[in-house]
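Per-entry structural report
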2 protein chains.
Amino acid sequence: MGVTIAENQPVERRKKIAKILAEKGTNTGFCAIHNFLDHFATKWSMLVILHLGLAGKPRFNELKMSVTGISQRMLAVTLRSLESDGLVTRTIHPEIPPRVEYELTALGRSLLDVMMSLGEWANRHAEEILKARKKASRLN
Amino acid sequence: MGVTIAENQPVERRKKIAKILAEKGTNTGFCAIHNFLDHFATKWSMLVILHLGLAGKPRFNELKMSVTGISQRMLAVTLRSLESDGLVTRTIHPEIPPRVEYELTALGRSLLDVMMSLGEWANRHAEEILKARKKASRLN
DNA sequence: CGGTATCCTTGGAGATACTG
DNA sequence: CAGTATCTCCAAGGATACCG
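Presented here is an overview of the structure given in this document.

Rules used throughout
Residues numbered from 1 in each chain as written. Chains lettered and ligands numbered in written order. Predicted model: local features only at pLDDT ≥ 70, side-chain atom pairs only at ≥ 80, totals over all residues. Heavy atoms only, no water. Helix = DSSP H or I, 4+ residues; strand = E, 2+ residues; numbered from the N terminus. Areas by Shrake-Rupley, 256 points an atom, 1.4 Å probe, with all protein chains shown as cover. Contact = heavy atoms within 4.5 Å. Buried area = accessible area lost by both parts, 1.4 Å probe. Salt bridge = Lys/Arg side-chain N within 4 Å of Asp/Glu carboxyl O. Polar contact = N/O pair within 3.5 Å; in protein donor to acceptor, adjacent residues only side chain to side chain. Near = heavy atom within 4 Å. Nonpolar A, V, L, I, M, F, W, Y, C, P; charged D, E, K, R; others polar. Core = buried A, V, L, I, M, F, W, Y, C linked by side-chain atoms within 4.5 Å. Buried < 20%, exposed > 50% of the residue type's maximum accessible area, 1.4 Å probe, protein only. Axes fitted to C-alpha atoms, helices over the stretch in contact; angles between N-to-C directions. Parallel < 35°, antiparallel > 145°, perpendicular 65-115°, else oblique. Least-squares fit on C-alpha atoms with pLDDT ≥ 70 in both. Pairing = 2+ DSSP bridges.

Helix and strand counts for chain A stand at seven helices and two strands. If you sum the accessible surface of chain A, you get close to 7800 Å²; carbon and sulfur atoms cover 56% of it.

If you want it as structure tokens, here you go:
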């Protein structure tokens, strides 16, 4: 039909992307996606959310053990951040020794869904990407 | 039925998460999700992918103009990374002045879908998160 | 136009030690 | 157990200048 590849791309999708990237409220200069990425586009946030989804209501040290490679400090920092963003609740049980449980909120669980899509994509295409990388490095 | 909240969470979902987080090939110690996040969990990768999805086959400076706040250096670095991962193609048109076009590969487009879910989540819940943050900062 | 090269700063993040 | 505090270091990334 003489349409270019770009035109072939569903208009609907372009509209969606445009909406995602739109700066909301030009007066504030606030951009939702920038704001989001500044806070969540970190390895640890994503991993902690996934592990919280897996574990249910883990304690601090349970999380620390399961999230491979995370330091005590980064786990604490990440959890505080998620908590203040309303994604995670922190429940202190007044016992000795102290017991603290973390759990995803409804908001957190909705983000978990998205993180899972991301994780599934990563698993599905891991080899493909690795292959591309090796090819690219050979060309250097 | 006397099931706890944790048990209430679909078993299917837990299985999925476990699979995502599984270390593949214990001999290599290779974990797909870690590997993925190390490369893609950056603001610029995600934004560039979205803008590529929006624009189709933009030129370098078109991208630079549309991706708010990105420096020339980071755009170049990000594009080279995406290219070596097989997500983006780079087409040089031998003209004067030179013209270079970037475009998502099929693999890149499949990641775009995931990035869009992420972006839509960010838009949908931006206010909610902002509110939670304000509340948290008031408690300090 | 479409980049590299270089310098330089900042903050992300590990290691270690201490505490309610 | 579940953190905080402090020090430190490295690399992500901005600014600037130059090149094919």
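Next comes the rest of the account.
Between chain A and chain B, the residue contacts involve 61 residues of the former and 61 residues of the latter. Both faces considered, chain A and chain B share a buried interface measuring about 5700 Å² in area, 69% of it formed by carbon and sulfur atoms. Seen at the junction of chain A and chain B, the total is six salt bridges. Where Arg133 of chain B meets Asp85 of chain A, a salt bridge forms, and the shortest distance between an N and an O atom there is 2.6 Å. Counting across the interface, chain A meets chain B through 18 residue pairs in polar contact (both at pLDDT 80 or more).

Quick look at the protein's contact with DNA strand C now. Around DNA strand C lies a shell of 19 residues, among which Arg59, Gln72, Arg80, Arg90 and Tyr102 of chain B are the nearest. Of what DNA strand C places within 4 Å of the protein, 63% of the atoms are sugar or phosphate. A distance of 3.4 Å is found between a phosphate oxygen of DNA strand C and a backbone nitrogen or oxygen belonging to Asn61 of chain B. Between DNA strand C and the protein, one listed contact pairs a phosphate oxygen with a side-chain N or O atom of Tyr102 of chain B at 2.6 Å. Among the secondary structure elements, those contributing two or more residues to the surface near DNA strand C are α6 (72-84) of chain A together with α5 (60-66), α6 (72-84) and β2 (99-104) of chain B. At four residues, α6 of chain B tops the list of elements feeding residues into the surface near DNA strand C. Considering only residue class, the surface near DNA strand C consists of nine nonpolar, four polar and six charged.

Turning our attention to the nonpolar core. With 76 residues, the main nonpolar core has Ile33, Leu50 and Leu111 of chain A together with Ile33, Leu50 and Leu111 of chain B as its most contacted residues. Not counting residues up to four positions away in its chain, the partners in contact with Leu111 of chain B are Trp121 of chain A together with Phe36, Phe40, Ile49 and Leu87 of chain B.

Here we take up the packing of helix α7 (residues 106-139) of chain A against helix α3 (residues 32-40) of chain B. The interhelical angle for the contact between α7 of chain A and α3 of chain B, taken along N-to-C directions, is 75°, at an axis separation of 9 Å. It follows that α7 of chain A is roughly perpendicular to α3 of chain B by the angle criterion. Here Leu118, Gly119, Trp121, Ala122, Asn123, Ala126, Ile129, Leu130 and Arg133 of chain A of α7 of chain A lie close against α3 of chain B, whose contacting residues are Ala32, Ile33, Asn35, Phe36, His39 and Phe40 of chain B. Here the residues of the contact of α7 of chain A with α3 of chain B are counted per class, giving 10 nonpolar, four polar and one charged.

Once chain A is rotated about the relating axis by 180° and shifted along it by 0.0 Å, it coincides with chain B to within an RMSD of 0.0 Å. What the rotation and shift describe, once combined, is the action of a two-fold rotation axis. Ranked by how close their C-alpha atoms come to the rotation axis, the residues of chain A are headed by Ala41 of chain A, at 2.5 Å. A shared interface surface links the copies, since 100% of the contact residues of chain A are contact residues in chain B too.

What follows is about the protein's contact with DNA strand D. Taken together, 18 residues sit near DNA strand D, with Arg59, Gln72, Arg90 and Tyr102 of chain A together with Met74 of chain B positioned nearest. Each atom of DNA strand D within 4 Å of the protein belongs either to a base or to sugar and phosphate, the latter forming 67%. Note that a phosphate oxygen of DNA strand D is positioned 3.3 Å from one of the backbone N or O atoms of Asn61 of chain A. Between a sugar or linking oxygen of DNA strand D and a main-chain N or O atom of Pro98 of chain A, the distance comes to 3.3 Å. When contributions to the surface near DNA strand D are tallied by element, the ones reaching two or more residues are α5 (60-66), α6 and β2 (99-104) of chain A together with α6 of chain B. Looking at the surface near DNA strand D, the element that brings in the most residues is α6 of chain A, giving four residues.

To continue, consider the pairing of β2 of chain B. All names here are of chain B. Strand direction decides the pairing type here: strand β1 (residues 88-93) and β2, joined by six bridges, are antiparallel. Residue Val88 lies in a different strand from β2, and its bridge partner there is Leu104. The loop that links β1 with its antiparallel partner β2 comprises five residues.

So, on to the environment of Arg124 of chain A. Looking at the secondary structure, you find Arg124 of chain A in helix α7. A C-alpha to C-alpha distance of 28 Å links Arg124 of chain A and Pro58 of chain A, two positions 66 residues apart in sequence.

Next up on the list: helix α3 (residues 32-40) of chain A. Three or four residues apart is the spacing at which side chains of an α-helix point the same way, because the helix has 3.6 residues per turn. Of all nine residues in α3 of chain A, seven are buried; the element is thus mostly enclosed. For α3 of chain A, the set of buried residues is Ala32, Ile33, His34, Asn35, Phe36, Leu37 and Phe40 of chain A. On its buried face, α3 of chain A sits against α2 (11-21), α4 (43-55), α6 and α7 of chain A together with α4 (43-55) and α7 (106-139) of chain B.

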